Every structure is written in C-alpha cells, then in structure tokens.
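Fold and geometry: a report
As a plain string of letters, each chain reads:
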Amino acid sequence: MKLKTIPDEFIRATGTLKEIQAHGFEAYFVGGSVRDALLNQSIHDVDIATSAYPEEIKQIFHRTIDVGIDHGTVLVLDGEEQYEITTFRTESAYQDFRRPDKVTFVRSLKEDLKRRDFTINALAMDVEGNIIDLFDGMDDLKRQIIRAVGNPKERFHEDALRMMRGLRFASQLDFSIETKTLEAIEAFHSLLDKISVERIAIEFIKLLLGKNRRKALLPFIETYCYQYCPGLKAYGKELLTFSELPNQRIDSQEQAWTLLIKSLNIPDHEIRSFLKAWKLSNHVIHEVQQHIYGLNQRLRGEWQPRDLFDLGLETALSVENLLFYFDRNSKLEETKACYEQLPIHDRKQLAVSGNELVTYFNKNLVNG
Ligand code: ATP
Ligand code: MG
C-alpha cells in the first residue's frame with residue numbers, strides 16, 4: 001500500500017532519509033507519525049529508524065546531538081528541523097518489567113518493528129510513501145483495534161507500561177482493545193506496580209484527554225489496572241460513575257483532575273495528597289484546587305466578585321465549561337461581564353500599597 005498524499009512533515013524530512021540511503025543504509029519513517037498519517041490526523045514528531053549505527057549517523061551529518069545514544073538515538077539538526085534517528089534495535093531480557101537489560105543494534109527493520117508495542121505503531125514508511133506492514137497493522141487501523149505485536153502476555157511482561165499505553169490509545173484514537181490483548185492486561189495488571197508513577201501519569205492524562213475516554217476507562221476498571229494507580233484503589237465504583245459523565249472531550253488536565261476528584265468524592269482535606277501522589281507539579285495542583293473551589297461555588301449558586309478576583313478570568317471560564325458535565329448551563333458571557341466589572345483585577349492595581357497602609361495606620365495610631 002502506498003500513501004497517496006505524503007504530508008509536508010515527511011516531505012521536509014525526505015532529504016535526511018535520502019542522505020542516509022546515499023551512504024548505503026536503510027531509513028524509514030516509523031511509529032506514531034506513520035499511524036497518524038494513515039488516519040489522516042495531524043502529525044507531531046516524525047521519527048526515523050535506520051540500519052545505520054549511531055556512530056555512522058554522526059559521520060553522515062555534521063550537526064547532531066547525542067540524546068539517547070545508548071538506546072541508539074541521535075538527534076540530527078537540519079536547518080529549522082530536527083529529527084530523532086534511531087538505529088534498528090532489539091531488546092532482550094526484561095527482568096524488571098520496565099526496561100530491557102540489553103539493547104542490541106541490528107540491521108533488520110523487521111527485528112525493530114517486532115519489539116514495538118502495538119501493530120498500529122509497528123508500521124514503517126519509506127520516502128516514496130510505501131507502507132511496510134509486517135504485523136497487519138493496516139488491518140487493525142481499518143478495524144480500529146489495538147492489538148499487541150506478537151504474544152500480548154510476553155509483551156506486557158517485558159514492559160508493563162504498555163498496558164497503560166494500550167488503554168490511552170483506545171481513548172485517543174477511539175479504538176477497541178483486541179480480546180487477547182485485553183485478557184493479557186487483566187492477567188498482568190499488577191505489574192504496573194513496577195512502573196514509576198510519573199510514567200503512568202503521562203499515559204493516564206492522555207487517556208483522560210482522549211477522544212473517547214469512556215472506551216478506555218471501562219477496560220481500565222474491568223482489568224483492575226486502576227488498583228495500581230495512585231489513590232484509586234478504593235474507588236472502583238466511583239470510577240464507573242466518572243466513566244458515565246457525558247463523554248465529551250475534556251480540554252485540559254486541570255479540568256480532567258477536577259472532574260475525577262468530584263466523581264470520586266475525595267474529601268477536601270485529601271485532595272492535595274491525592275494529587276501529590278500522582279507526582280503532579282505544584283502549579284497543576286494549585287490550578288486543580290482553584291478549579292474545585294470554583295466548581296463548588298458555581299454548583300451552589302452564582303459567582304461572587306471575590307471568587308472571580310481570586311480565580312482570574314481564565315480559570316473561572318474553565319470552571320464554567322465544566323458545568324456541562326453536571327447538566328448545568330455554562331454562562332460564559334455573564335462570567336466575562338461580571339469579571340470586567342470588578343473594580344480591580346490585580347492587587348497591584350490598588351491605589352495604596354500595604355506599606356502605605358501600615359505607615360498610615362501607625363501614624364494615626366500614634367497621633368490618635
Ligand atoms: P504519540 O502520538 O503519543 O507520540 P507514539 O506512537 O508516537 O504516540 P511514542 O511514545 O512517541 O508514541 O513512541 C514512538 C514509537 O515507539 C511508538 O509508536 C512505538 O512504535 C514505540 N514505542 C514507544 N513506547 C514503547 C514501549 N513501551 N514498548 C514498545 N514500543 C514502544
Ligand atoms: Mg510520538
């Protein structure tokens with residue numbers, strides 16, 4: 001199969017691929033960008049896989065950065081563009097369920113595609129747009145299925161993060177998880193214990209913000225993966241309630257955490273530690289707390305000027321957009337108008353400073 005119109009992102013990288021080929025090596029586009037091009041979706045980072053070893057890539061190109069040379073990845077700078085070029089590799093003996101003990105560089109594309117997680121992520125494309133599909137990824141793309149490459153149990157046993165990746169792709173792409181792959185997730189869900197919270201959080205947030213979150217949340221609950229995610233273990237029933245919220249796409253992670261916390265009914269004094277357990281940044285934690293405060297206010301009644309002053313317009317509007325999930329109408333225009341009417345929008349706009357007040361009162365106290 002040949003891609004009819006090759007997106008610009010690939011065209012721009014063609015020179016780089018041809019340069020590698022001119023030196024006698026193979027080079028292909030691989031992974032997410034090929035999948036997304038075939039799905040007619042926008043493409044971010046174009047990844048390149050090659051039979052050339054990292055040292056050979058560094059001899060071909062003048063401007064390179066060693067971003068992950070142990071894993072075979074060299075960043076090649078080409079004018080404004082930069083490309084991650086990774087040597088074909090195999091991975092062996094995953095003793096800790098998350099990282100291969102040994103990465104071996106190989107000259108065979110097939111070996112490289114075999115170690116990838118899902119068939120739809122194991123597609124490669126050459127400079128002419130010909131698709132190399134060794135694991136029936138095209139069929140699965142058409143049938144909208146997430147299927148592990150090879151034996152799913154072995155693949156999740158090698159790297160447990162793949163289970164969370166599978167779930168997030170189900171949400172992002174609105175795909176179903178193939179039966180054997182799903183059974184393997186259920187069988188091995190407890191291996192998530194071996195994966196760092198930060199890596200689980202990245203996938204979970206993508207799942208929450210995906211096109212069809214419900215499609216991933218149900219298997220996330222049914223396979224018990226949730227039990228190995230921070231703070232969720234006791235909340236199986238509430239997670240189901242969360243999955244039943246209107247299935248409209250959520251715009252930001254702050255909104256997603258807010259909706260999750262509301263559905264789970266996490267008590268106020270536990271919210272901070274819940275978010276901390278997910279290792280979120282202080283900025284995100286603060287924003288979520290602001291959202292929850294604002295949402296509670298709005299579920300009780302109208303905005304008070306002081307709330308709008310404290311939250312700022314952006315957060316207030318973001319909260320307003322959440323009312324939809326609680327079967328309430330958002331009042332975006334009213335919120336904006338009310339915010340505009342505030343006498344000031346920032347403490348700095350006060351005509352007097354704190355120091356001036358202290359001086360004034362001290363003087364008056366002394367004089368009085
Ligand atoms: P996104 O659009 O979110 O970037 P992606 O498929 O490009 O999705 P990446 O995390 O960027 O995902 O990984 C690039 C490719 O590397 C994947 O398409 C897949 O082929 C492979 N890959 C990534 N993580 C794993 C993993 N844990 N196990 C096996 N293969 C993986
Ligand atoms: Mg990617």
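All of these numbers come straight from a predicted model, not from anything done at the bench. (Residues numbered from 1 in each chain as written. Chains lettered and ligands numbered in written order. Predicted model: local features only at pLDDT ≥ 70, side-chain atom pairs only at ≥ 80, totals over all residues. Heavy atoms only, no water.)

1. Notes on the overall build of the chain
Across its full length, the chain carries 18 helices and eleven strands. In terms of its C-alpha atoms, the chain occupies a principal-axis envelope of roughly 90 × 50 × 40 Å. Burial analysis of the chain (368 residues in total) assigns 48% to the buried set. Considering only contacts within the chain whose residues lie at least 6 apart along the sequence, 64% involve residues at least 24 apart. Carbon and sulfur atoms form 48% of the exposed surface of the chain, whose accessible area is close to 18,800 Å². (Helix = DSSP H or I, 4+ residues; strand = E, 2+ residues; numbered from the N terminus. Buried < 20%, exposed > 50% of the residue type's maximum accessible area, 1.4 Å probe, protein only. Contact = heavy atoms within 4.5 Å. Areas by Shrake-Rupley, 256 points an atom, 1.4 Å probe, with all protein chains shown as cover.)

2. Quick look at the layout of surface pockets
Roughly 1,600 Å³ of internal volume is contained in the largest pocket. Along the wall of the largest pocket there are 42 residues; nearest its centre are D47, R116, D117, R165 and R168. Counting residues per element, the ones that place at least two in the lining of the largest pocket are α2 (32-38), β2 (47-50), β3 (64-68), β5 (81-87), β6 (89-92), α7 (161-173) and α9 (197-208). Here the lining of the largest pocket takes seven residues from α7, the largest share from any one element. (1 Å grid on protein atoms, 1.4 Å probe; cavity = no way out; pocket = protein on both sides within 12 Å on 5 of 7 lines; lining within 4 Å. Points joined across faces, edges and corners; volume = space filled by probe spheres on them.)

3. Quick look at the site of ligand 1
Within the structure, ligand 1 sits among 14 residues, and R35, N121, D159, R162 and R168 are positioned closest to it. In the environment of ligand 1, an oxygen atom lies 3.3 Å from a nitrogen or oxygen atom belonging to the backbone of G32. A distance of 2.7 Å separates a nitrogen atom of ligand 1 from a polar atom in the side chain of R162. For ligand 1, whose free accessible area comes to 590 Å², the fraction covered by protein is 79%. At a threshold of 2 Å from the grid points, most atoms of ligand 1 map onto the largest pocket. (Near = heavy atom within 4 Å. Polar contact = N/O pair within 3.5 Å; in protein donor to acceptor, adjacent residues only side chain to side chain. Sits in = over half its atoms within 2 Å of the grid points.)

4. Digging into the nonpolar core
Membership of the largest hydrophobic core comes to 97 residues, with the highest contact counts inside it found for F220, L232, W257, F274 and W278. With seven residues, α7 is the single largest residue contributor to this core. Those residues in contact with W257 that lie beyond four places of it in its chain are F204, I205, F274, L275, W278, L280, V284 and V288. L109, A122, F135 and V149 belong to the second largest nonpolar core, which has twelve residues in total. (Core = buried A, V, L, I, M, F, W, Y, C linked by side-chain atoms within 4.5 Å.)

5. Details of the UniProt feature "binding site: ATP" (unreviewed entry) in the chain
As annotated by UniProt and renumbered to match this structure, "binding site: ATP" (unreviewed entry) occupies G32, R35, R116, D159, R162, R165 and R168. Those annotated residues that line the largest pocket are G32, R35, R116, D159, R162, R165 and R168. Relative to the elements of secondary structure, R165 occurs in helix α7. Residue class for R165 comes out partly exposed when judged on its relative accessible area of 23%. Tracing the backbone shows R168 in helix α7. Relative accessible area serves as the criterion here: at 8%, R168 is assigned to the buried category. Not counting chain neighbours up to four residues away, the residues in contact with R168 comprise E203, K206 and L207. (UniProt positions renumbered as here; feature names shortened; annotations may be inferred.)

6. Comments concerning the side chain of N212
With respect to the helices, strands and loops of the structure, N212 is situated in the loop between α9 and α10 (213-222). There is a polar contact of 2.9 Å between the side chain of N212 and the side chain of D174. In this structure, N212 is in contact with A170, S171, D174 and N247, ignoring residues within four places of it in sequence.

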